[in-house]
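Okay, here's what each chain looks like letter by letter:
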Amino acid sequence: MAIRDPRSCAHSAETLSAFVDGDLSGTEAQAVRTHAAECPRCTVSIAELSALVTAARGLERPEPPPSLWPAVEGAMARHDRPWWLSLRLFGSGALAGAAAVSVVALGLTSWRTHRAAAVVVAPVAPVVASVDPLLNEAEAEFASAAAAYERSIEKLRGLLEREEPRWNPAERARCAERLAQLDEAIASSRELAHRTPGDTVGNEQLFAAYQQKIAFLAEAVHRGGTFHEGEPPR
Amino acid sequence: MTRGRQVGQAGQVGQAGQVGQADNRIEISAGVVLALLLIAAAPARAGDPNGGPAPEATAPLVDRREIVVPARGAELVRIDNLLGRVGIRGTARPGEIHIVSEKRAANAEALSRLRVHYTAFESGEIQIDTRVELGGRERSLPLADSGVDLWLEVPPDVAVEAKTFGGDVSASGLRAGAKLETTGGRIGISDVRGGVVTHQLRGGQKVAAVEGDVDLDGVEGDMDLKDLGGGRVDARVVDGSIHAEDIRDDFVRLVTTTGQVVLIGVIRPAAHYDLRSYAGDVRFLPLGDPAPFALRTRSARPLDTAVPLHGARHDGEWLRAEYLGRRPAPHPRAALVELSSTLGGVVIQIQPRAAAELQ
């Protein structure tokens, strides 16, 4: 596994954006996944783009107030009535129309406010417990896989602790620095994956980050403190 | 951006499609839909092939459907099924793909939300994927109690890529290689020509009768390799053992962190064998009358072998030596054998052919 110069990344921001949107073909998406598994910078970029997409998804369908449609329907019904009936009911019809316009205006204002707030403040509303059994199944599957990755990482950390005392301080520092980078990638991926229930892309990024750390730990355990990622075996 | 259109969908044939794709991937023809042969069975309770009353109220509903889709000019079949298992066999006639999908769910409402999509692209790529409808959107999500299993027969000469989440994935009879990926399912590969690549979190892998490069990657679970021949075999697992037998590649690297590595078979002249374990034993068991090899080994315990080694010398923590063979070597180059176990032992034992065949 090699640490790549981010300037040499094969994937542009447009490609990563298309990947997050699900617009790449399977082959192209796999190429991005493979690359991201070895490139912390692209992992973080994908995590950030996923956050934007997640935030945008929350804006796609603003929930109208329950009273909106009845109010609009009422206004339309009034429009179809004979002119003399309209005249007779002018007072209440005008009130209904005004209410409908007010509600729409309020809805738009609320949507615009929400949108502005979401663009400025990146965090999305926290995950609310799902009532959909299929979504719960999916979340349980993701959680089970994440736990398996965590167990493997813990096991490898235990083995690494046995090896590290044999290393010199510079080697230990280099290893600690790399692990901190990987932990950061895992933490940001985990945060994103947990924001939206059933976020497959977010969870795949989290698993890619776990795999990256597992590969690093396994190499460090096998080769000791002198190894460099991407080197052929001694 | 041109959007590839779904041209067939098991259980949803003819419905509006999905799938954003790259510019050069456009739909082949909506007319393909007409060519689909769809044999749809009414939902039935599991374990009741006649669709009669369920033996138990808790048995899931099952909806089994079979489709034959045209695949003329297909070069790659990609299957993404996070909802269940995938089995692929290279037994279909050229230009055809047989798909059997088996959906299962606790009730009819959940069953109706499971979808299978089939998309063909002009590039020669065919994509089959499964989704679950959630909140008005179709999403690719892993499911356990509910789900979709896919069984495919594809033309042998198409490359195959398959991905599952918790379901097993298997491939056999293919002649253009396979790439299989799963998070928690078992992987099984047999009778494949062409490169084989796997990725797995847990579940174990069995790979047999492959003519081509093999690259296996796993975190938890044992790997069982048998009858492989091609350029190279590279198998890596963190928490599991690797057992390899009858490997005819020129480069063989088997690496595990916690498990044991065992290699049984004929030593090829000039080949490179690199067997490593951090915590487990490494057992190198050449068959019959092995070709000469140069040995480089290190282990926590003394080397366990009755094989006559020559020129033994230490190079740091490594021991180097040569095995010259029982007869003068007909080949100018000896094999290179590297065996390493940081906490375990290394064993080299020549196996009589008959005994090895019995194992």
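Residues numbered from 1 in each chain as written. Chains lettered and ligands numbered in written order. Predicted model: local features only at pLDDT ≥ 70, side-chain atom pairs only at ≥ 80, totals over all residues.

1. Quick word on the overall build of chain A
Scanning chain A from N- to C-terminus turns up 9 helices and 0 strands. Secondary structure of chain A in N-to-C order comes out as α-α-α-α-α-α-α-α-α. Here chain A holds 234 residues, and the buried ones make up 28% of them. Taking the intrachain contacts of chain A between residues at least 6 apart in sequence as the baseline, contacts between residues at least 24 apart amount to 77%. (Helix = DSSP H or I, 4+ residues; strand = E, 2+ residues; numbered from the N terminus. Buried ≥ 20, exposed ≤ 12 C-beta atoms within 10 Å, placed from the backbone. Contact = placed C-beta atoms within 7 Å.)

2. Looking at the overall build of chain B
Counting secondary structure elements, chain B contains 3 helices and 30 strands. Counting all 359 residues of chain B, 46% fall into the buried class. A fraction of 47% describes how many contacts in chain B between residues 6 or more apart in sequence connect residues 24 or more apart.

3. Some thoughts on the interface of chain B and chain A
Taken residue by residue, the interface counts 36 residues in chain B and 28 residues in chain A. Its residues assigned to classes, the side of chain B that touches chain A comprises 14 nonpolar, 9 polar and 13 charged. (Nonpolar A, V, L, I, M, F, W, Y, C, P; charged D, E, K, R; others polar.)

4. Focus: helix α7 (residues 133–163) of chain A
For α7 of chain A, spanning 31 residues, the distance from its first C-alpha to its last is 45 Å, which sits close to the expected 45 Å at 1.5 Å a residue. The elements touched by buried residues of α7 of chain A are α9 (200–223) of chain A together with α2 (108–111), β8 (125–134), β15 (196–202), β17 (214–220) and β19 (232–239) of chain B. (Expected span 1.5 Å × (residues − 1).)

5. Examining helix α2 (residues 26–36) of chain A
Every buried residue belonging to α2 of chain A is among Gly26, Val32, Arg33 and Ala36 of chain A, and all of these are buried. All buried residues of α2 of chain A lie within an arc of 125° about the axis, which places them on one face of the element. (Arc of directions from axis to C-beta.)

6. A closer look at the packing of helix α8 (residues 169–195) of chain A against α9 of chain A
Residues and elements named next belong to chain A. Packing of α8 against α9 brings their axes to within 8 Å, and their N-to-C directions diverge by 160°. The angle between α8 and α9 falls in the class roughly antiparallel. The element α8 and its partner α9 pack so that their crossing is left-handed. Here Cys175, Arg178, Leu182, Ala185, Ile186, Ser189, Arg190, Leu192 and Ala193 of α8 come into contact with α9, specifically with Gly202, Asn203, Gln205, Leu206, Ala209, Tyr210, Gln212, Lys213, Phe216 and Ala220. (Axes fitted to C-alpha atoms, helices over the stretch in contact; angles between N-to-C directions. Parallel < 35°, antiparallel > 145°, perpendicular 65-115°, else oblique. Left-handed = near helix turned anticlockwise from the far one by under 90°.)

7. Quick notes on unusual backbone geometry
A positive phi angle is found at Asp227 of chain B, which is not glycine, with a value near 60°. Of note in this structure, Asp246 of chain B is not a glycine but carries a positive phi near 60°.

8. Comments concerning the nonpolar core
Val160, Ala171, Ile189, Leu254 and Leu263 of chain B are the most contacted members of the largest nonpolar core, which totals 123 residues. Counting residues per element, this core draws most heavily on α9 of chain A, which supplies 13 residues. Beyond its immediate chain neighbours, meaning those up to four positions away, Ile189 of chain B contacts Ser170, Ala171, Ala178, Leu180, Val196, Val207 and Val210 of chain B. (Core = buried A, V, L, I, M, F, W, Y, C linked by C-beta atoms within 7 Å.)

9. Quick look at the environment of Glu109 of chain B
All names here are of chain B. By the element assignment, Glu109 lies in helix α2. Classification of Glu109 as exposed rests on a count of 11 C-beta atoms within 10 Å. Distance from Glu109 to Gly185, taken between C-alpha atoms, is 27 Å for residues 76 residues apart in sequence.

10. Observations concerning the packing of α7 of chain A against α9 of chain A
Axis angle and axis distance: for two packed helices, these are the angle between their axes and the distance between the axes, and together they describe the pair. Residue and element names in this part refer to chain A. Axis separation between α7 and α9 bottoms out at 9 Å; the angle between their running directions is 20°. Relative to α9, the element α7 is oriented roughly parallel. Crossing of α7 over α9 shows left-handed handedness. Residues Phe142, Ala145, Ala146, Tyr149, Ser152, Ile153, Leu156, Arg157, Leu159, Leu160 and Glu163 of α7 touch α9, and the partners they reach there are Asn203, Leu206, Phe207, Tyr210, Lys213, Ile214, Leu217, Ala218, Ala220 and Val221.

11. Considerations on the confidence of the model for chain A
Caution is warranted with low-pLDDT regions, since their predicted coordinates should not be read in detail. Residues and elements named next belong to chain A. For chain A, mean pLDDT is 69; residues scoring 70 or higher make up 58% of the total. Per-element confidence in chain A is highest for α7, whose mean pLDDT is 93, and lowest for helix α6 (residues 90–120), whose mean pLDDT is 37. Contacts of residues 1–7 to residues separated by more than four positions or lying in other chains number 13 contacts, the stretch itself having pLDDT below 50. Taken as a whole, residues 81–128 scores under 50 in pLDDT and shows 39 contacts with residues more than four places along the chain or in a different chain. (pLDDT = per-residue confidence, 0-100.)

12. So, the pairing of strand β4 (residues 76–81) of chain B
Residues and elements named next belong to chain B. Within β4, 5 of the 6 residues are buried, leaving the element largely enclosed by the surrounding structure. Pairing geometry for β4 and strand β11 (residues 159–164), over 6 bridges, is parallel. From the neighbouring strand, Asn81 faces β11, where its bridge partner is Thr164. (Pairing = 2+ DSSP bridges.)

13. A short note on the confidence of the model for chain B
Looking at chain B, the pLDDT average stands at 84 and 81% of residues meet or exceed 70. Predicted as a complex, the structure gets a pTM of 0.72 and an ipTM equal to 0.79.

14. Quick look at the environment of Pro142 of chain B
All names here are of chain B. With respect to the element layout, Pro142 can be found in the loop between β9 (137–139) and β10 (147–153). Here Pro142 falls in the buried class, since 27 other C-beta atoms lie within 10 Å of it. C-alpha separation for the pair Pro142 and Phe165, spaced 23 residues apart in sequence, amounts to 5.9 Å.

15. Observations regarding the environment of Glu139 of chain A
Residues and elements named next belong to chain A. With respect to the element layout, Glu139 can be found in helix α7. Glu139 gets classed as buried once you count the C-beta atoms within 10 Å, which come to 21. In the structure, Glu139 is positioned 31 residues away from Ala170 in sequence and 41 Å away in space, judged by C-alpha atoms.

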